[in-house]
Amino acid sequence: MAIQKTLSIIKPDATARNLTGAINARFEQAGLRIVAQKRLRLTLAQAAQFYAVHQERAFYNSLCEYMSSGPVVVQVLAGEDAVALNRQIMGATNPANAEVGTIRRDFGESIEHNSVHGSDSEENAQQEIAFFFSGLEIVE
């Protein structure tokens, strides 16, 4: 397995409930390292640009509105097979279908308010990381 980097976003529903530390602990306990992290509030235009891949889907507008509705924590996670490991830790998109002990099962409120976003491939991780971070901000 190779050391990879992946993007994680702690979404507005989780930051509003002060779950950043609990979610970060899950990543670290599973062997991922947080090598970059910042709290910000996306504008609607930034959310639309970030999620442009979904613009043809019915949920696109509500997703963009939701992701710009409050603070998020964007972070770069690093570790062995980080993309797949992060997706395992997060659980299924719909918290009702997520395995017990995953972030989305334990903290998610709904399919949209599911507490976290994670890159779905190494290629997308590279693009998503570059959207939020410069190389100087990633400290390993």
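Counting starts from 1 at the beginning of each chain's written sequence and moves along it residue by residue. Reporting of local features is limited, given that this is a predicted model, to residues whose pLDDT is at least 70; pairs of side-chain atoms are given and counted only at 80 or more, and all residues count toward the totals for whole chains, interfaces and linings. Based on all heavy atoms of the structure, the side-chain values leave hydrogens and waters out of the count.

This paragraph deals with the sheet that holds strand β3 (residues 72–80). Read across the open sheet, the four strands follow the order β2-β3-β1-β4; overall the sheet is antiparallel. Each having just a single partner strand, β2 (33–40) and β4 (116–118) make up the two edges of the open sheet. Here the average twist between neighbouring strands, direction ignored, is 20°. Contacts are assigned to residue pairs with any non-hydrogen atoms lying within 4.5 Å of each other. Note on geometry: axes are lines fitted to C-alpha atoms, helical ones only across the stretch in contact, with angles between N-to-C directions running from 0 to 180 degrees. Here a helix means four or more residues in a row that DSSP labels H or I, a strand means two or more in a row labelled E, and each is numbered from the N terminus. Contacting β1 (3–10), β3 and β4, helix α5 (residues 82–90) runs over the sheet at an angle of about 35° to β1. A pair of strands is treated as paired once DSSP finds two or more bridges between them.

Turning to the nonpolar core, a few remarks are in order. For the purposes of this section, nonpolar cores are sets of buried Ala, Val, Leu, Ile, Met, Phe, Trp, Tyr and Cys residues that join through side-chain atoms within 4.5 Å. To sort residues, take the accessible area from a 1.4 Å probe on protein chains only and compare it with the maximum for the residue type: under 20% means buried, over 50% means exposed, and anything in between is partly exposed. Ranked by size, the top nonpolar core spans 20 residues in total, and within it L7, I9, Y51, M67, F132 and F133 carry the most contacts. Contributions of two or more residues to this core are made by β1, β2, α3 (44–50), α4 (60–67), β3 and α7 (122–132). Here the element with the most residues in this core is α4; it accounts for five residues. When sequence neighbours within four positions are dropped, the list of residues in contact with L7 reads F50, Q75, N86, H117, G118, S119, A125, E128, I129, F132 and F133. Within the second largest apolar cluster, 14 residues are counted, among which are L19, I23, F27 and M90.

Here we come to the pairing of β3. When you tally the buried positions in β3, you get eight out of nine residues, the bulk of the element. Pairing analysis gives eight bridges linking β1 to β3, with the strands arranged antiparallel. Residue pairing across strands places L7 opposite V76, the latter belonging to β3.

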